[in-house]
Amino acid sequence: MSATTGPASAATSPDAVRILGFVNHIAPSPDIEEAIERAFSWGVDVVVAQGTGSDWGPYWLGSGEQVSANQAANVEPYVRAALRHGVPFVFSFGIAGADPHLETCLQGFDAMCARNGWEPRVGVVRSEVDRDLLTAAITDGPPVVPCSADAGLSPELTVADVEEADRIVALIGPEPIMAALGHDDAQGRLDGVLTGRALDIGLFMALPMLRGLPTAVAAHAGKMLECGGLALEPGDSGRCIWASLDADGFTVRSPHEGARPTIRSLVSHTFYERAHPTLEENPGGTLDLGEATYADVAERVGDGADATDVPGVRCEGARWHEAPYTLLMEGARREGFRAVSLLGVREPELLAQARTWTDAAEQAVAAAPRFAAAIAEGRLRLTTRIFGLDAVLGALEPHTSVTGHEAGVLVDVVADTAELAKEVAYYAFIRLFIGPYPGRKTTAGNAAAPIMPVVVPVSDVYTFSIYHLLPLADPCGPFPYVVTHFPRPAETDGAAGAVPTDATHQEPARASV
Amino acid sequence: MRLYDCAEIIRSKNAGPFAVTIDLFFGDEERYRLARDSVLLTPAGVASAYGVAEDRVKGVYWDDRIRAAKVSVVRWSSSTDPFCADLFGAHLHTPLAAAELV
């Protein structure tokens with residue numbers, strides 16, 4: 001781990017693949033133009049960013065709604081640089097990454113291209129899983145098992161699971177992206193690749209693998225770069241990150257003046273959001289960082305008097321253990337509709353008995369004849385969360401009474417219809433607001449209501465009902481790229497980006513190079 | 001000493017929708033050793049802090065190079081539960097952090 005200064009052989013080798021990485025669902029930092037310019041002065045072969053994930057929970061996948069992250073605006077400075085320098089970009093789009101989410105992002109991409117006068121030719125890869133393909137896999141193939149055995153999911157995926165799911169995506173691997181990056185026709189190569197839900201590291205692995213670098217190096221680098229500047233010190237996903245990959249490993253640098261890679265920042269990033277620190281199962285194999293090494297390096301960049309030593313960290317020693325090819329699928333199923341009501345409590349006598357007070361309101365709902373059938377049929381669930389007591393930890397909370405001077409009560413109802421959810425939330429609110437309790441002096445109203453209407457309809461509620469591994473013989477087959485010219489023509493009012501991809505402006509998809 | 005007072009960084013986050021992982025970083029070798037040698041930061045100790053069965057603890061891992069530990073636990077309430085209180089898993093460190101490092 002000693003610092004060494006030497007020629008930047010890795011960065012200038014003809015066999016090196018240099019990646020500029022960032023996160024496209026996070027707005028870029030204010031110094032982004034300068035950072036991108038610095039990275040390109042070092043050399044960039046591909047610009048890569050992830051824009052999908054399951055962190056936001058199943059709501060987005062189920063509803064088809066898109067997180068208001070404006071991903072097209074976030075990629076604009078990077079696309080400008082990539083087009084100017086003639087290197088491809090590879091982005092996953094849409095958070096949940098099913099067709100409606102991707103389409104929302106593509107419409108933003110249309111508008112961005114139109115605004116700037118850009119006309120890129122892009123390989124678009126959709127990630128929704130074809131239900132017939134999945135049903136056939138369940139019926140004819142080996143068992144489709146959960147990725148996480150403890151998750152309370154079907155131990156073997158059933159046709160009913162598929163039918164009940166509102167939407168199903170797969171985290172596509174590097175192969176469909178490699179196919180698009182390898183596309184070559186009379187007009188040459190594509191300007192970039194845009195995908196729906198994708199394996200984050202797969203986006204980064206695609207070009208290095210296409211150029212023949214070892215899968216282990218590509219995957220290790222992908223893991224380091226997938227969250228952009230979060231792996232630097234200080235960590236910030238609004239910043240970008242740069243690495244040069246070769247057959248033996250890769251060297252990471254910060255394109256930003258205010259950040260640098262350190263051994264600690266990089267190793268701790270390999271931990272991030274992972275259950276195991278050194279083993280990660282991926283499509284077709286397991287990335288093993290058990291013997292990975294990290295060393296500080298300073299590489300001389302530039303000529304003569306302008307030459308400077310750029311700090312970096314050299315990463316080597318990753319291994320890749322081949323395994324049968326499987327893709328992780330995510331499916332969301334509607335559970336009902338949520339309505340809530342919020343009350344603030346500051347009355348000391350009531351704070352002292354907050355839980356028995358909310359229990360009484362829950363019992364009043366449970367005893368109401370009008371709700372009996374819905375409860376018996378499992379169409380109605382109610383909980384009251386007391387912020388200030390145990391709303392965060394639930395049964396794990398050691399405190400048994402409110403210790404502060406005020407608390408908040410959230411009435412939380414999930415029912416099969418919005419009407420029922422709202423009615424139950426109001427019923428519970430009224431019991432809390434006017435229900436008697438021992439020692440009450442405040443007989444005009446028990447609590448403060450901060451929001452009107454007091455019942456807030458929230459949204460449909462979804463669960464991840466599918467989190468299973470789909471065995472796949474051909475990683476590209478179900479996920480062909482479609483060559484698409486941006487901005488796509490508008491169908492009706494002439495505004496760019498008003499309609500989905502127009503089939504007449506596509507070329508036939510090719511499933512493999 | 002509580003784990004909270006011993007660790008410099010305690011970051012809790014989902015590792016997929018069904019597991020939570022708590023990364024612990026220690027500021028110096030003395031504190032790292034205190035944690036590494038503790039009973040609390042063993043699968044049994046973690047299970048006890050969270051009041052879950054030991055087989056729900058996926059592992060306690062150490063990295064001597066950067067003085068870090070990782071504790072991974074199967075979530076007792078996840079995004080499959082409509083009433084899950086912490087969908088990002090960002091606040092699930094507290095029972096462990098509050099425990100004495102014995």
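See the structure printed just above.
Figured I'd write up the structure that's included with this text. For clarity, every value in this text was computed on a predicted model and none was experimentally measured.

Quick notes on the interface of chain A and chain B
Between chain A and chain B, the residue contacts involve 40 residues of the former and 37 residues of the latter. Buried area between chain A and chain B, both sides added, is near 3200 Å², and the carbon and sulfur share of it is 63%. Looking at the side of chain A facing chain B, the largest losses of area belong to Arg 264, Phe 271 and Leu 396 of chain A, adding up to 20% of the total buried there. Connecting chain A to chain B are three salt bridges.

Considerations on the state of the cysteines
Counting across every chain of the model gives zero disulfides over all chains. With no disulfide partner, Cys 227 of chain A has as its closest neighbouring cysteine sulfur the one in Cys 240 of chain A, 14 Å distant.

Observations concerning the environment of Arg 319 of chain A
All names here are of chain A. Here Arg 319 lies in strand S14 (residues 319-322). Relative accessible area serves as the criterion here: at 31%, Arg 319 is assigned to the partly exposed category. When the C-alpha positions of Arg 319 and Arg 274 are compared, they lie 17 Å apart, and in sequence the two are 45 residues distant. Leave out the neighbours within four places in its chain, and Arg 319 touches Ala 216, Thr 286, Leu 287, Asp 288 and Glu 291.

Observations concerning helix H5 (residues 99-116) of chain A
Residues and elements named next belong to chain A. Over its 18 residues, H5 extends 25 Å from the first C-alpha to the last, a length consistent with the 26 Å expected when each residue adds 1.5 Å. Along H5, the residues classified as buried are His 101, Leu 102, Glu 103, Cys 105, Leu 106, Phe 109, Asp 110, Met 112 and Cys 113. Just downstream of H5, Gly 117 is the residue with a positive phi angle, here 75°.

Notes on the pattern of salt bridges
Tallied over the entire structure, the rule returns 42 salt bridges over all chains. Lys 13 of chain B is the salt-bridge partner of Asp 55 of chain A, the closest N and O atoms lying 3.3 Å from each other. One end of the pair, Asp 55 of chain A, is in the loop between strand S3 (46-50) and helix H3 (58-63); the other, Lys 13 of chain B, is in strand S1 (residues 9-14), on a second chain. The exposure class assigned to Lys 13 of chain B is buried, which follows from its relative accessible area of 18%. One salt bridge in this structure joins Lys 13 of chain B and Glu 273 of chain A, with 2.6 Å as the shortest N-O distance. Of this pair, Lys 13 of chain B sits in strand S1 while Glu 273 of chain A is found in the loop between helix H11 (263-271) and strand S10 (279-282), placing the two residues in two different chains. Beyond isolated ion pairs, a larger network of salt bridges with shared partners links Glu 33, Glu 76, Arg 80 and Arg 115 of chain A.

Considerations on the packing of aromatic side chains
All names here are of chain A. Applying the stated criterion across every chain, the model contains 19 aromatic pairs over all chains. Centroid distance Phe 93 to Phe 109: 6.3 Å. Interplanar angle 65°. Geometry classified as edge-to-face. With Phe 93 in the loop between strand S4 (89-92) and H5 and Phe 109 in helix H5, this pair connects stretches of sequence that are 16 residues apart. What links up through ring pairs into an aromatic cluster is the set Phe 22, Tyr 78, Phe 89, Phe 91, Phe 93, Phe 109 and Phe 486. Above the plane of the ring of Trp 42 lies Arg 253, whose end atom (NZ or CZ) is 4.8 Å from the centre.

Looking at the environment of Ile 19 of chain A
Residues and elements named next belong to chain A. Among the structural elements, Ile 19 can be located in strand S2 (residues 17-23). A relative accessible area of 0% means that Ile 19 is categorised as buried. As for Ile 19 and Leu 343, which are separated by 324 residues in sequence, their C-alpha atoms are 51 Å apart. Those residues in contact with Ile 19 that lie beyond four places of it in its chain are Val 46, Val 48, Phe 204, Pro 208, Leu 225, Ile 241, Trp 242, Ala 243 and Leu 245.

Quick notes on the sheet that holds S10 of chain A
Residue and element names in this part refer to chain A. Reading across from one edge, S10-S11-S14 is the order of the three strands in this open sheet, with antiparallel pairing throughout. If you trace the sheet from one side to the other, it starts and ends with S10 and S14, each paired once. Sheet twist, expressed as the mean angle between neighbouring strand axes with direction ignored, is 20°. Pairing analysis gives four bridges linking strand S11 (residues 285-288) to S14, with the strands arranged antiparallel. Directly across from Asp 288, in S14, lies its bridge partner Arg 319.

Details of the nonpolar core
Formed by 90 residues in total, the largest nonpolar core has its most connected members in Leu 134, Phe 250, Tyr 294 and Met 329 of chain A. Each residue touching Leu 134 of chain A, except ones within four places of it in the same chain, is listed here: Val 129, Leu 157, Val 162, Ile 168, Met 329 and Leu 470 of chain A.

Observations concerning the sheet that holds S1 of chain B
The pairing of strands in a sheet comes from backbone hydrogen bonds and takes either a parallel or an antiparallel form. Residue and element names in this part refer to chain B. Strands sit in the order S1-S2-S4-S3 across an open sheet of four strands; the sheet is antiparallel. The open sheet has two free edges, formed respectively by S1 and strand S3 (57-63), since each of these has just one partner strand. Here the strands of the sheet are splayed against their neighbours by 15° on average, with no regard to which way each runs. Across seven bridges, strand S2 (residues 19-25) lies against strand S4 (residues 68-74) in antiparallel orientation. Its bridge partner lying in S4, Ile 22 is registered against Val 71.

What counts, and where the lines are drawn
- Residues numbered from 1 in each chain as written.
- Chains lettered and ligands numbered in written order.
- Predicted model: local features only at pLDDT ≥ 70, side-chain atom pairs only at ≥ 80, totals over all residues.
- Heavy atoms only, no water.
- Contact = heavy atoms within 4.5 Å.
- Buried area = accessible area lost by both parts, 1.4 Å probe.
- Salt bridge = Lys/Arg side-chain N within 4 Å of Asp/Glu carboxyl O.
- Disulfide = S-S within 2.5 Å.
- Helix = DSSP H or I, 4+ residues; strand = E, 2+ residues; numbered from the N terminus.
- Buried < 20%, exposed > 50% of the residue type's maximum accessible area, 1.4 Å probe, protein only.
- Expected span 1.5 Å × (residues − 1).
- Phe/Tyr/Trp six-rings, centres within 6.5 Å; stacked < 30°, edge-to-face > 60°.
- Lys NZ or Arg CZ within 6 Å of the ring centre and 35° of its normal.
- Pairing = 2+ DSSP bridges.
- Axes fitted to C-alpha atoms, helices over the stretch in contact; angles between N-to-C directions.
- Core = buried A, V, L, I, M, F, W, Y, C linked by side-chain atoms within 4.5 Å.

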